[in-house]
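Fold and contact review
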Protein chains: 2
Amino acid sequence: MAYRTHTCGELRSENIGQEIILSGWAQKIRNLGGMTFIDIRDRYGISQLFFDEETNADLRSKASKIGREFVLQASGVVRERSNKNPNLDTGDIEIVVNEITVLNKSEVPPFTIEDETDGGEEIRMNYRYLDLRRNPVRDGIILRHKMAKSIRNYLDKSGFIEIETPVLIKSTPEGARDFIVPSRLNAGQFYALPQSPQVFKQLLMVAGYDKYFQVVKCFRDEDFRADRQPEFTQIDCEMAFVEQEDILQTFEGLAKHLFRDVKGVDFKDAFPRMTYKEAMESYGSDKPDLRFCMKINDISEVVKGKDFKIFDEAEYIGGICVEGKASHSRKKIDALTKFVQRPQIGSKGMVYVKCNEDGTFKSSVDKFYSQEDLKLWAETLGAKAGDLLLVLSGTKKQTLFALGELRLEMGNQLELRDKNKFAPLWVVDFPLLEWDEKTNRFHAMHHPFTAPKPEHLELLDTDPVSVNANAYDFVINGSEIGGGSIRIFDKDLQAKMFKTLGFTEEEANAQFGFLMDAFKYGAPPHGGCAFGFDRWVAIFNGSDSIRDVIAFPKNNAGRDVMIDSPAPVSNDQLKDLSLGIVKE
Amino acid sequence: MAYRTHTCGELRSENIGQEIILSGWAQKIRNLGGMTFIDIRDRYGISQLFFDEETNADLRSKASKIGREFVLQASGVVRERSNKNPNLDTGDIEIVVNEITVLNKSEVPPFTIEDETDGGEEIRMNYRYLDLRRNPVRDGIILRHKMAKSIRNYLDKSGFIEIETPVLIKSTPEGARDFIVPSRLNAGQFYALPQSPQVFKQLLMVAGYDKYFQVVKCFRDEDFRADRQPEFTQIDCEMAFVEQEDILQTFEGLAKHLFRDVKGVDFKDAFPRMTYKEAMESYGSDKPDLRFCMKINDISEVVKGKDFKIFDEAEYIGGICVEGKASHSRKKIDALTKFVQRPQIGSKGMVYVKCNEDGTFKSSVDKFYSQEDLKLWAETLGAKAGDLLLVLSGTKKQTLFALGELRLEMGNQLELRDKNKFAPLWVVDFPLLEWDEKTNRFHAMHHPFTAPKPEHLELLDTDPVSVNANAYDFVINGSEIGGGSIRIFDKDLQAKMFKTLGFTEEEANAQFGFLMDAFKYGAPPHGGCAFGFDRWVAIFNGSDSIRDVIAFPKNNAGRDVMIDSPAPVSNDQLKDLSLGIVKE
């Protein structure tokens, strides 16, 4: 006998009268008078099983002893429900059971398998296989499958080929820390797990595979950081014989397709594009959340020279205008001051101006500024009566950052960051290099293979900081979802870039010699883009954490608490690998 | 200006007269009188560029200096060729070039980029990015993409969900050696790379995802072995609420779909099924090559008792009948004897019988056996006049193995193993356990989660060796392409299985405690199948080695010679990981 003829989600009134078999889990058991109702659940839905004392006392007695999460096989006849449930797809019918088999028992689960569960994060992660039974978790996992499918369909139709690149590669000191894998057959030597298939996809361009993609696991051995996973999934893409515009068009097409196919959202217009400079100056971030406006404005010109020492001495003074919140209480404003003073934001203080409904202004710096002065502030920040101005000062870099954070916080408080609204954009014209105070050298803002803008090439020697790159990020709702660049394909320019980044020729050769070699044999112009798949799914799923859309995530300390990993290995294993553990 | 308006493979007579731009690599440059012809190549094909002295001497001079594998951009007008090339899709046209740009130069490649190259395996692997430009390699990589796409389409349509399981998991001593990954944040602890997602897919069944699949990288730290890679790709599948028959039907459907969709081969009938016992006894292998018959037959009954000591003392005597080869020379037969005497086959000698066309017999044991006797042999082995019988003896296990190898060798010699012919089958009813002489305990033939056949359950205590499993392999052309089993889903039976395999309760808990725990909370009946994707692609591609269909394979010593990995890492890296290298 087959385990089932239907799933628990598919029976409808059309099936009334049919003999069917269902298999699934006991979601809920209700004993009412001489009757027992069991909700049987599988990943497709829930159906109601019906037993009554009168028809079959033994069967009903058996059913009444079934516990939550028992695995059942029930055969019976579909009939119309007297008491229909419009919230359930199968709510018009129930199954009058004539045979029930307990395929497996279950202990009482450590938390309820319901949409809103009583289980905290830790216990749910310990029993992730039970957490995965809950509808919201299941929906995220299925959404992930659908998105991967939809992405592959689109790219395949656009002529891209999925090519698997190796997982066991070679460690490079550039960038984040690698996970390494000791080689047993080559004692004292190690593979590394890829942080991205960057070099391999560039080699594929040299090899002539002009449209490559891969949905691929990548690895980064980072320190504790909120919502990062040591292993994560990337949609990795590369194209040859293209310019930046070709790439933006191609992947804007992908994103629009995905929005339409998976979320039913149709973006008719082109996505906005914003330079890195504008993003930083207007939103204090290179990944602006455009679901709401509340732009940052520089008010230095307007506020200086009034003997307010803090502003007079500041490199930069900027503010945001919070619409309609002049009525904010002192307590609320104090809380915002505390928010920007938190060490991770680092402002010294905050100045506010209330633009009262009656046309007057009330500020925390009334001592220094007249009503006329404050009116000018309000005009500069585009405020109208009833609005609240929040102003920060300090170094330009820190203040823009703090204003960006304050803006997001106000967006949260005013509920302007709706999870069902999507605001995608491209951020373009990133700087090529950034100066690193710690190591006293330049770092590649994107990576060392990113091409400078051709018109900035000459600045590379004279004024490296002002060189922009043909690099771009794709941002949705304040999250960086993807990014990429046009690559260097000339071996001399690549050598120069390595030199600018402080590599000796020997270091460059040891780490990237094979790429430099490859560039000798006809490298085509190329560029690409990579998307953080986990984060994209999380955003589409309305999840705050990528853990929600990963079947078996690790916690923030990089542990899988369910399987208890990482874990010690045997001495024999270490001996085979010629390794020893060095205690501090 | 865009880099190209068309690919190098798409222009036809319909395009004659059009102004077009192509980009690609210089495949061939021919200077003939006042003319230069350049074949420009990309992954889509080849087009002929035309330059002549008369029209534009400068341009022609520039073209004549272009070298092999230079990256070119050419614009010009499509015209009809006077000398058409029917072997080329674009052979009806050529491009009269009016502008040519060298996008990048190339040194002379270290081997020719042609279908038949002058480069040996080693140099091609060193420059894999050049090897990948060759048509046969490109075709394999594209075939791989198509097969993955086709598999995903089929499984998605059948209701399967692709779910990513973790790559950083936990080491288990069972099975082959794990690659391990030191954890920096948990000093002295390690992750392991998965040999398969076995346990995770079973947890997904417990979690209710009744149809799971994944195209997934797996890892095995094996010793040198021909045509194995330390990382390989698996099509991993699992289903809940199914019996063996459901699984065979589902994946036979997948295989037929793939044959049809990718190879254009339509299998109308069900694939043959053969028990493990029959496969071993008739083909000397659990993965019989059914492209040809030449079955092994037991002739012990017929040959014993004639004072030929070797046969009389042998546990088993068996033979094969090689059709029409009675005419084989002494030299050829001697070579076959040497073949079976090689240490990896291990037979002591070989007996032959020639069934002459005139009805007489000539054998290497004429001293012991009469013409009547030999006639009986021939009948038992199904031979007719003109056939050659090859007979081996010894222990049953070794002799069947040797006969199996001899059968394949004869298949090769007689060219019966046509790469364009496909003979798929299921091998079923595998034994659950095999006795391991070395460790003096039972090993799971498939893996420790495989369910014994319900009707054999009682034998587990009394006669474990005779217990069969609900396990099956999928074989094409003598290669094991896939395999799977119905799993144990009862925690007590699983505990008993671990005990039978020599695990103490503590060991079982330490390694698989989380699975045993999961089984307490309503595990459904389930089973699955996994396919070796690399090998399946290789077979469809007609390749002898899986390396042919992997973009960046490692050599048989597990090294990537192109990137020179594995390699030493810095002392700082080791220190961060609390590791030291222990010299012997």
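Reading the values: rules and limits
Residue positions are given per chain, counting from 1 as you read along its sequence in written order. Key to labels: chains lettered from A, ligands numbered from 1, both in the order written. Reporting in this predicted model follows two pLDDT cut-offs: at least 70 for local features of residues, and 80 or more for side-chain atom pairs to be given and counted; totals over whole chains, interfaces and linings ignore these cut-offs and use all residues. Hydrogens and waters are ignored; side-chain quantities use all the structure's heavy atoms. Domain segmentation is taken from an automatic or database assignment of domains. In this description, strands pair whenever DSSP reports at least two bridges between them. By the criteria applied, helices consist of DSSP H or I runs no shorter than four residues and strands consist of E runs no shorter than two, each listed in order from the N terminus. Here, residues are in contact when the closest pair of their heavy atoms is within 4.5 Å. Axis definition: a line fitted to C-alpha atoms, over the contacting stretch in the case of helices. Angles run 0 to 180 degrees between N-to-C directions. Buried, partly exposed and exposed residues are distinguished by accessible area as a fraction of the type maximum, computed with a 1.4 Å probe on protein chains only: under 20%, between the cut-offs, and over 50%, respectively. Lys and Arg are tallied as positive, Asp and Glu as negative. Neither His nor the chain termini are counted. Salt bridges are counted wherever a side-chain nitrogen of Lys or Arg sits within 4 Å of a carboxyl oxygen of Asp or Glu. What sets the superposition is a least-squares fit of C-alpha atoms, and only residues with pLDDT of at least 70 in both copies go into it. Once two parts are brought into contact, the accessible area they lose, counted with a 1.4 Å probe and summed over both, makes up the buried area. Polar contact is the term for a pair of N or O atoms within 3.5 Å; when the atoms are in protein, one must be able to donate a hydrogen and the other to accept it, and sequence-neighboring residues count only if both atoms are side-chain atoms. Gly is put with the polar residues, along with every residue not named as nonpolar or charged; the nonpolar set is Ala, Val, Leu, Ile, Met, Phe, Trp, Tyr, Cys and Pro, and the charged set is Asp, Glu, Lys and Arg. An angle counts as roughly parallel when it lies under 35 degrees, as roughly antiparallel when it exceeds 145, as roughly perpendicular when it falls between 65 and 115, and as oblique in every other case. Should the near helix be turned anticlockwise from the far one by less than a right angle, the crossing is termed left-handed; should it be turned clockwise, right-handed. Here is the rule: rings of Phe, Tyr and Trp (six-membered ring for Trp) pair when centre to centre is within 6.5 Å. Planes less than 30 degrees apart are stacked, more than 60 are edge-to-face, and the remainder are tilted. Only when the NZ atom of a Lys or the CZ atom of an Arg is both within 6 Å of the ring centre and within 35 degrees of the ring normal do we say a charge sits over the ring.

Domain annotation for chain A reports domain 1 (13–104), domain 2 (138–273 + 424–549) and domain 3 (292–413). Of note, the centres of domain 1 of chain A and domain 2 of chain A, computed from C-alpha atoms alone, are 52 Å apart.

The subject of this paragraph is the sheet that holds strand β20 (residues 471–476) of chain A. Residues and elements named next belong to chain A. Read across the open sheet, the 8 strands follow the order β6-β9-β10-β22-β21-β20-β17-β11; overall the sheet is mixed. Strand pairing shows two members of the sheet lacking a second neighbour, β6 (161–162) and β11 (273–275), which therefore form its edges. Where β6 and strand β9 (residues 211–219) come together, 2 bridges link them in parallel fashion. Residue pairing in the sheet places Ile161 in a bridge with Tyr212 of β9. Where helix α4 (residues 135–157) meets the sheet, its contacts fall on β6, β9 and β10 (231–240), and the angle it forms with β10 comes to roughly 10 degrees. With respect to the sheet, helix α5 (residues 198–206) is in contact with β9, β10 and β22 (526–532), its orientation differing from that of β10 by roughly 25 degrees.

Bringing the side chain of Asp473(B) into the picture now. All names here are of chain B. Its location among the elements puts Asp473 in strand β20 (residues 471–476). Lys287 is the oppositely charged side chain nearest to the buried, salt-bridge-free Asp473, at an N-O distance of 7.7 Å. If sequence neighbours within four positions are ignored, Asp473 has contacts with Leu425, Trp426, Val427, Phe430, Glu480, Gly482, Gly483 and Gly484.

What follows deals with the pattern of salt bridges. Applying the stated criterion to the full structure yields 91 salt bridges over all chains. Between Glu121(A) and Arg547(A) there is a salt bridge, and its shortest N-O distance comes to 2.9 Å. One end of the pair, Glu121(A), is in helix α2 (residues 121–126); the other, Arg547(A), is in the loop between α16 (533–541) and α17 (571–576), and 426 residues separate them in sequence. Of the residues examined, Glu121(A) reaches a relative accessible area of 37% and is grouped as partly exposed. Taking the shortest distance from any N to any O, the salt bridge between Arg260(B) and Asp266(B) comes out at 3.2 Å. Taking relative accessible area as the criterion, Arg260(B) reaches 44% and is therefore assigned partly exposed. Taken together, the shared-partner salt bridges connect Arg4(A), Asp42(A), Arg43(A) and Asp210(B) into one network.

Attention shifts here to the pairing of strand β16 (residues 388–394) of chain A. Residue and element names in this part refer to chain A. By the criterion of burial, β16 is predominantly enclosed, with 6 of the 7 residues buried. Relative to β16, strand β14 (residues 351–355) runs antiparallel, the two sharing 4 bridges. Note that in β16 the partner of Tyr352 across the bridge is Leu390.

All right, on to the relation of the copies chain B and chain A then. At an RMSD of 0.1 Å, chain B and chain A line up after a rotation of 180 degrees and a shift of 0.0 Å along the axis. Both chain copies can therefore be described as sitting about a two-fold axis. Residue by residue, 100% of the interface of chain B is reproduced at the interface of chain A, so both copies engage with the same surface.

Each partner contributes residues to the interface: chain B has 121 residues there, and chain A has 121 residues. Among the residues chain B hides against chain A, the three largest losses belong to Glu164(B), Phe241(B) and Tyr521(B). Together they make up 8% of the total. Taken together, the links from chain B to chain A amount to 14 salt bridges. Connecting chain B to chain A are 72 residue pairs in polar contact (both at pLDDT 80 or more). Looking at the side of chain B that touches chain A, the element that brings in the most residues is helix α4 (residues 135–157) of chain B, giving 10 residues. Partitioning the side of chain B that touches chain A into residue classes produces 68 nonpolar, 21 polar and 32 charged. Of the pairings in the sheet, the one linking strand β23 (residues 579–581) of chain A to strand β23 (residues 579–581) of chain B comprises 3 bridges and is antiparallel in character. Bridge assignment links Leu579(A) to a residue of β23(B), and that residue is Ile581(B).

All names here are of chain B. The 5 strands lie next to each other as β12-β13-β16-β14-β15, forming an open sheet whose pairing is antiparallel. Strand pairing shows two members of the sheet lacking a second neighbour, β12 (297–298) and β15 (361–363), which therefore form its edges. Sheet topology places strand β13 (residues 316–322) next to strand β16 (residues 388–394); 7 bridges connect them, and they run antiparallel. Note on β16: the bridge partner recorded for Gly319 is Val391. Sitting on the sheet, helix α11 (residues 371–380) touches β12, β14 (351–355), β15 and β16, and the angle it makes with β15 is about 90 degrees.

This brings us to the environment of Asp429(A). Residue and element names in this part refer to chain A. Its place among the elements puts Asp429 in the loop between β17 (424–428) and β18 (433–436). In sequence terms Asp429 and Asn470 are 41 residues apart; their C-alpha atoms lie 6.2 Å from each other. A polar contact is formed between the side chain of Asp429 and the side chain of Lys453, at a distance of 2.9 Å.

Right, let's get into the packing of α4(B) against helix α16 (residues 533–541) of chain B. Residues and elements named next belong to chain B. Taken N-terminus to C-terminus, the directions of α4 and α16 make an angle of 120 degrees; their axes are 10 Å apart at the nearest point. Taken together, the axis directions place α4 and α16 in an arrangement best described as oblique. Read as a crossing pair, α4 and α16 show a hand that is right-handed. Note on element contacts: α16 touches α4 through Phe533, Asp534, Trp536, Val537, Phe540 and Asn541, opposite Asp139, Gly140, Leu143, Arg144, Met147, Ala148 and Ile151. Its residues assigned to classes, the contact of α4 with α16 shows 8 nonpolar, 2 polar and 3 charged.

Glancing now at the environment of Ala2(A). Along the polypeptide, Ala2(A) turns up in the segment before β1 (19–32). With residues near it in sequence (within four places) discarded, Ala2(A) still touches Ile21(A) and Gln73(A).

A word on the packing of aromatic side chains. Summed over all chains, the structure comprises 66 aromatic pairs over all chains. Here the aromatic rings of Phe241(A) and Trp25(B) are separated by 5.6 Å at their centres, their planes lie at 70 degrees, and the arrangement is edge-to-face. Linking Phe241(A) in the loop between β10 and α6 (244–263) with Trp25(B) in strand β1 (residues 19–32), this pair reaches from one chain into another. Here Phe241(A) matches Trp25(B) in class, with each residue buried. Members of the aromatic cluster, each reached through a chain of ring pairs, are Phe160(A), Phe251(A), Phe259(A), Phe267(A), Phe271(A), Phe422(A), Trp426(A), Tyr472(A), Phe474(A), Phe531(A), Trp536(A) and Phe540(A). The ring of Phe50(A) carries the charged tip of Arg79(A) above its face, separated from the ring centre by 4.4 Å. Seen from the ring of Phe292(B), Arg407(B) lies directly overhead, with NZ or CZ sitting 4.0 Å from the centre.

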